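Results of the structural survey
As a plain string of letters, each chain reads:
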Amino acid sequence: MEMELLFKKVYTVAFRLTGKEEIAERISISAITKTYKELNEEFKATENIFQVIVLELVKVFLNKPMTYGDDNLKGIQKSLLKLKPINRVIIIWKDVLGYKLLDNMPIANYSYEEMRKALNIGRKELYDYYKLENSVEMQKDAD
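Our subject in this report is the structure included herewith. Predicted model only: the values in this text are computed from it and were never measured.

1. Description of the overall build of the protein
- When helices and strands are counted, the protein shows six helices and zero strands.
- Going residue by residue from the N terminus, the α and β elements of the protein occur as α-α-α-α-α-α.
- Contacts in the protein between residues at least 24 apart in sequence constitute 65% of all its contacts with a sequence separation of at least 6.

Next comes the structure, spelled out in structure tokens:
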């Protein structure tokens, strides 16, 4: 993986978490910089480095659990931003990035069972929000 692709992938994850370009850029840079400083000369664009950076990105995001919603977003992104930060992180970690819940999930004080429960709750809420959003959009189109 080349460095530019690595940066784009990290930014994409950050944007999915935040829904705001400026905030996604800021936390991406923060996570990449911290990871680079910790690994120093061993920093190469690999899938393992990507996972380490995403772990740091998640830590940054969860340490500042603000609401990042944007009224201009549509569909799944808008529905995803309605979820609690912990549910959003777990869904992105598992369903978007394809990692296992036990793959170094950076959530302190959560057991595997609690993460599974948060994942299931998040998935249901995401489905419900998305279904509601689509029904509102279809009603607007019908009017």
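From this point, the narrative continues.
2. A look at the packing of helix α1 (residues 3-18) against helix α5 (residues 85-96)
- For the pair α1 and α5, interaxial distance at closest approach is 10 Å and the crossing angle is 140°. By the criterion of interaxial angle, the relationship of α1 to α5 is oblique. Here the hand of the crossing between α1 and α5 comes out right-handed. From α1, V13, R16 and L17 reach across to α5, where they touch R88, V89, I92 and V96.
- By residue class, the composition of the contact of α1 with α5 is five nonpolar, no polar and two charged.

3. Some words on the nonpolar core
- If you look at the biggest cluster of nonpolar residues, it comprises 35 residues, and the most contacted ones within it are I53 and L57.
- Elements with a minimum of two residues in this core: α1, α2 (21-39), α3 (47-63), α5 and α6 (112-142).
- Considering every element that reaches this core, the biggest residue donor is α3, with nine residues.
- When sequence neighbours within four positions are dropped, the list of residues in contact with L57 reads V10, V13, A14, L17, I27, S28 and A31.

4. Concerning the packing of α3 against α5
- Between α3 and α5, the least distance of the axes is 11 Å, while the angle of their chain directions is 170°. Between α3 and α5, the crossing angle belongs to the class labelled roughly antiparallel. Of the residues in α5, those in contact with Q51, V54, L55, V58, F61 and L62 of α3 are P85, I86, R88, V89 and W93.
- Split into classes, the residues belonging to the contact of α3 with α5 amount to nine nonpolar, one polar and one charged.

5. Description of the side chain of N87
- On the secondary structure map, N87 appears in helix α5.
- Sequence-distant contacts of N87, defined by excluding residues within four places in its chain, comprise A118, I121 and G122.

6. Some remarks on the packing of aromatic side chains
- Taken as a whole and assessed by the stated rule, the structure comprises two aromatic pairs.
- With centroids separated by 6.3 Å and ring planes inclined at 20°, the aromatic side chains of Y11 and F15 adopt a geometry described as stacked. Residue Y11 and its partner F15 are located together in helix α1, separated by four residues, close to a single helical turn.
- On the basis of relative accessibility, which here comes to 28%, the residue Y11 falls in the partly exposed class.
- In this structure F15 comes out as partly exposed when scored by relative accessible area, which is 22%.
- Between W93 and Y99, the ring centres sit 4.6 Å apart and the planes meet at 40°, which makes this aromatic pair tilted. Across the pair, Y99 and W93 agree in class, each one buried.
- It is K9 that lies over the ring of F50; its NZ or CZ is 4.6 Å from the centre.

Thresholds, definitions, all that
Residues numbered from 1 in each chain as written. Predicted model: local features only at pLDDT ≥ 70, side-chain atom pairs only at ≥ 80, totals over all residues. Heavy atoms only, no water. Helix = DSSP H or I, 4+ residues; strand = E, 2+ residues; numbered from the N terminus. Contact = heavy atoms within 4.5 Å. Axes fitted to C-alpha atoms, helices over the stretch in contact; angles between N-to-C directions. Parallel < 35°, antiparallel > 145°, perpendicular 65-115°, else oblique. Left-handed = near helix turned anticlockwise from the far one by under 90°. Nonpolar A, V, L, I, M, F, W, Y, C, P; charged D, E, K, R; others polar. Core = buried A, V, L, I, M, F, W, Y, C linked by side-chain atoms within 4.5 Å. Buried < 20%, exposed > 50% of the residue type's maximum accessible area, 1.4 Å probe, protein only. Phe/Tyr/Trp six-rings, centres within 6.5 Å; stacked < 30°, edge-to-face > 60°. Lys NZ or Arg CZ within 6 Å of the ring centre and 35° of its normal.

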